[in-house]
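Structural characterization, general
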Amino acid sequence: WSRINRGLAGVAVAALAIAAWGWMQTPAEPALKDSWRVALAVPDSIGLSAVPALSEDGTTLAFVGGDQRIWVLRGDGTPPTPIAGTESAVEVSISPDGTRLAFMGVGGLLKLIPIGGGSATKITDSLSLADPVAWIDDNTLVFGSLRGLMKISASGGPITPLGTMSDDSAAAFHMHPSALPNGRG
């Protein structure tokens, strides 16, 4: 029996040694790459009146200031820059490719403007609420309404339902839509 016990003990020690070696070979969790942290210290002269929008790549933040203009903050440490032509903005959203801003304005306006500034293009003026818009791809915007989630092309056109609403009273209003990154929904 002592020879069997020694053999079993040797097998057990060898198994533990192999398991320990395998555990030590497991790679560590990869570190986050290209990340940045920002503390949005908005000067009192600018203020903040809506939820900021973060670009899909995480390098740009856009927000509506207390002056109802859109301000853009880049991850390079430069101070926030106001975007001319965005006066009377209420909400803002950044396109998936990071090149355009969609913003809701007073009076049901939905406009687009290049993120670096330029001429604003009116998409529609028939939105009844100042609900944030979400981009579901580079050319389609979605917003909430009393009739459910609605969509419109970034080049304008008709507003159409994104889906159908339930008759359940709990689903009486859809608001603050959000899309998954990389066109996943």
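Time to look at the overall build of the protein chain. Looking only at helices and strands, one finds one helix and 12 strands in the protein chain. Secondary structure elements in the protein chain, listed N-terminal to C-terminal, are α-β-β-β-β-β-β-β-β-β-β-β-β. About 11500 Å² of surface is accessible on the protein chain, with carbon and sulfur atoms providing 59% of the total.

Moving on, we get to a negative patch on the surface. A cluster of acidic residues, Glu56, Asp57, Asp97, Asp137 and Asp138, forms a negative patch on the protein surface. By secondary structure assignment, the location of Asp97 is in the loop between strand S5 (89–94) and strand S6 (100–105). Of the residues examined, Asp97 reaches a relative accessible area of 39% and is grouped as partly exposed.

Ala62, Ile70, Val92 and Leu101 are the most contacted members of the largest nonpolar core, which totals 14 residues. Within the residue set of this core, elements represented by two or more residues are strand S2 (60–64), strand S3 (70–74), S5 and S6. The dominant element in this core, judged by the number of residues it contributes, is S5, at three residues. Setting aside residues up to four positions removed in sequence, Ala62 forms contacts with Pro52, Ala53, Ile70, Trp71, Val72, Val92, Ile94 and Leu101. Judged by nonpolar contacts, the second largest core, of 13 residues, contains Ala102, Leu112, Trp135 and Leu141.

Glancing now at unusual backbone geometry. Non-glycine residue Gln68 carries a positive phi angle of around 60°. When you line up the elements, Gln68 lands in the loop between S2 and S3. Judged by relative accessible area, Gln68 falls into the partly exposed class, the value being 33%.

A few words on the pattern of salt bridges. Inspection of the entire model under this criterion finds two salt bridges. Between Asp125 and Lys122 there is a salt bridge whose closest N-O contact spans 3.5 Å.

Let us look at the side chain of Thr86. In this structure, Thr86 sits in the loop between strand S4 (81–83) and S5. Among the residues examined, Thr86 registers a relative accessible area of 0% and is labelled buried. Reaching out from Thr86, the side chain makes a polar contact with the backbone nitrogen of Ile70 at a distance of 2.9 Å. A distance of 2.6 Å separates a polar atom in the side chain of Thr86 from the backbone oxygen of Ile83. With sequence-adjacent residues up to four places away left out, Thr86 is seen in contact with Gln68, Arg69, Ile70, Phe103 and Ile113.

What follows covers the sheet that holds strand S10 (residues 140–145). An order of S9-S10-S11-S12 is seen for the four strands of this open sheet, with the pairing classed as antiparallel. Two strands in the sheet have a free side with no partner beyond their single neighbour: strand S9 (133–137) and strand S12 (160–161). Bridge count for strand S11 (residues 148–153) against S12 is two bridges, and the pairing is antiparallel. In the sheet register, Lys151 faces S12, and the bridge partner there is Thr160.

Pairing within the open sheet is antiparallel, and its four strands lie in the order S1-S2-S3-S4. Looking at which strands have only one partner, the edges of the open sheet turn out to be strand S1 (53–54) and S4. Taken together, the five bridges between S2 and S3 define a ladder with antiparallel strand orientation. Paired with Thr60 across the bridge in S3 is Arg74.

Scoring rules and cut-offs
Residues numbered from 1 in each chain as written. Predicted model: local features only at pLDDT ≥ 70, side-chain atom pairs only at ≥ 80, totals over all residues. Heavy atoms only, no water. Helix = DSSP H or I, 4+ residues; strand = E, 2+ residues; numbered from the N terminus. Areas by Shrake-Rupley, 256 points an atom, 1.4 Å probe, with all protein chains shown as cover. Patch = residues over 30% accessible without salt bridge, like charges linked within 9 Å, V, L, I, M, F, W, Y side chains within 5 Å. Salt bridge = Lys/Arg side-chain N within 4 Å of Asp/Glu carboxyl O. Lys, Arg positive; Asp, Glu negative; His and termini not counted. Charge placed at Lys NZ, Arg CZ, Asp CG, Glu CD. Buried < 20%, exposed > 50% of the residue type's maximum accessible area, 1.4 Å probe, protein only. Core = buried A, V, L, I, M, F, W, Y, C linked by side-chain atoms within 4.5 Å. Contact = heavy atoms within 4.5 Å. Polar contact = N/O pair within 3.5 Å; in protein donor to acceptor, adjacent residues only side chain to side chain. Pairing = 2+ DSSP bridges.

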